[in-house]
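# Breakdown of the fold
What follows is each chain in one-letter form.
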Amino acid sequence: MKLKKVFLGILTLALLFSLSIPVLALTYGYVTPGPDTWYKKDVEGFSYGAEMAGVEVVVLNSDYDTEKEITNIKTLIDMGVDGMCIFSFNPNGAFIAARECAAAGVPLVVTDNVGQVLASPDEIVACIDFDWKGMGVNVAEYIANNYPGEKIAIIMGLFEHIPVQMFRESFEPKVAELGKNEIVAVRDGKYTPTVAVDQAQDLIESGYDFTILFVFNEEMGAAVVRMLKGRDLLNNPIKVITTNGAPYGIELIKEGGIQYSISTSPGWEGLVSFLALHSYVKGQITDKRQQILLPNTPITPETIDDKTKVVPWDVDPVWIELTKTYFPQYNDLEVY
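In this report, we go over the structure that sits alongside the text. (Residues numbered from 1 in each chain as written. Predicted model: local features only at pLDDT ≥ 70, side-chain atom pairs only at ≥ 80, totals over all residues. Heavy atoms only, no water.)

Here we come to the side chain of Lys239. Mapping Lys239 onto the fold places it in strand β9 (residues 239–241). Residue class for Lys239 comes out buried when judged on its relative accessible area of 13%. Contact partners of Lys239, with chain neighbours within four places excluded, come to Tyr147, Glu150, Thr211, Ile212, Leu213 and Gln259. (Helix = DSSP H or I, 4+ residues; strand = E, 2+ residues; numbered from the N terminus. Buried < 20%, exposed > 50% of the residue type's maximum accessible area, 1.4 Å probe, protein only. Contact = heavy atoms within 4.5 Å.)

Shown next as structure tokens:
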């Protein structure tokens, strides 16, 4: 009897001790490519999901430096993160992350890689993307239908960035196929507004003949619009077309500074990236090599104030509504 009491006492102490140990939260790492607003919003979306799920997030910025990106990947692995998301600015970054994470047993989700990393021999959980090829076709068709005969100059993001490459691979051939417009110049804006402005000014001062200026994102586009307006060239004759549906872009569309854009919310993309990773880590969805495409929609006067069509960049509960509609596989994850 005495021995039984001692055993029960030890068992009780062990139980109390185990209850006093806090349950450690999951920790995910996120490697972001640079300081551009698009990337910041993607991180915010990922972090929004993590906060709802009680997951810690460690974010490391690569500052468009390939060596720093590799270091960031290895740093997160050495920290023992439970999962990782990488948004790489160059074609090799995602492949390196896939190799290193596979070797370390760390689940990996890749954002904005247009599915390229799915060709890697190292398995990843998922690629999260927008349909950049479809976007290129859409913009080419819009210009052909609305501005036939006008010439186009282009200021892209970073030439190394895979979505930039994929957009060009569909946009430029489609313009040629439609035969209504001619592309006279393509410049690298490096996702930097000041660089984009310098490129636009150089195009003008170098005597290029164009009246349509396509700028790959609205952060650069807004800066270019201000410059053109200051030189009395905005819509006289140069019209600006861009993509992304950023908050400042929406205002410029309403004011007539930007003629056309396409809604792609990096914040919502970040949330979906989190859910894809978290559902795998929690064992709910165990498929690998998933390719998950978010919808992108043209911004028209009829849709411009509809959040379900022109999706906010800033954290917004409509992301949850949209996710439940487009990605119902995450509805049982108990995050929202």
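And the narrative resumes.
Looking now at unusual backbone geometry. Pro237 follows Asn236 through a cis peptide bond whose omega is 15°. Position of Pro237 relative to the elements: it lies in the loop between α8 (218–230) and β9. Unlike most non-glycine residues, Tyr191 shows phi in positive territory, near 55°. Of the residues examined, Tyr191 reaches a relative accessible area of 8% and is grouped as buried. Even without glycine at this site, Arg289 takes up a positive phi of about 55°. In this structure, Arg289 sits in the loop between α10 (266–281) and β12 (290–294). According to the relative accessible area criterion, Arg289 is partly exposed, its value standing at 30%.

Before going further, it helps to spend a moment on the pairing of strand β1 (residues 27–32). For β1, a buried count of 5 out of 6 residues is recorded, marking the element as mostly surrounded by other parts of the structure. When β1 meets strand β2 (residues 56–61), the two strands line up parallel, connected through 6 bridges. From the neighbouring strand, Tyr28 faces β2, where its bridge partner is Val57. In this region the chain leaves β1, passes through helix α2 (residues 37–53) and returns to the parallel neighbour β2; the handedness of that crossover is right-handed. Pairing between β1 and strand β3 (residues 83–87): 4 bridges, direction parallel. Within β3, the residue paired with Tyr28 across the bridge is Gly83. (Pairing = 2+ DSSP bridges. Right-handed = clockwise from strand over helix to strand, strands pointing away.)

Geometrically, a pair of aromatic rings is defined through the distance of the ring centres and the angle of the planes. According to the stated counting rule, one finds 24 aromatic pairs in the structure shown. Note on Tyr248 and Trp313: the rings are 6.4 Å apart at their centroids and 70° apart in plane angle, and the pair reads as edge-to-face. In this pair, Tyr248 is assigned in helix α9 (residues 247–255) and Trp313 in the loop between β13 (297–298) and α11 (318–326), connecting sequence segments 65 residues apart. Using a relative accessible area of 29% as the deciding quantity, one classes Tyr248 as partly exposed. Cation over ring: Arg168 sits above Phe159, and NZ or CZ is 5.1 Å from the ring centre. (Phe/Tyr/Trp six-rings, centres within 6.5 Å; stacked < 30°, edge-to-face > 60°. Lys NZ or Arg CZ within 6 Å of the ring centre and 35° of its normal.)

Through backbone hydrogen bonds, the strands of a sheet pair up, either in parallel or in antiparallel fashion. The strand order β2-β1-β3-β4-β5-β12 describes an open sheet built from 6 strands, whose pairing is parallel. Every other strand in the sheet has two partners, leaving β2 and β12 as the edge strands with one partner each. Between one strand and the next, the sheet's axes are offset by a mean angle of 20°, whatever the strand orientation. Running over the sheet, α2 touches β1, β2, β3, β4 (108–111) and β5 (126–130) and is turned about 170° from β1. (Axes fitted to C-alpha atoms, helices over the stretch in contact; angles between N-to-C directions.)

With that out of the way, let us pick up the state of the cysteines. Per the counting criterion, the structure on display carries 0 disulfides. Just so you know, Cys85 is unpaired, no disulfide at all, and the nearest cysteine sulfur is the one on Cys127, 10 Å from it. Cys85 sits in the buried class, given a relative accessible area of 0%. Free of any disulfide, Cys101 has its nearest neighbouring cysteine sulfur in Cys85, separated by 10 Å. With relative accessibility at 1%, the residue Cys101 sits in the buried group. (Disulfide = S-S within 2.5 Å.)

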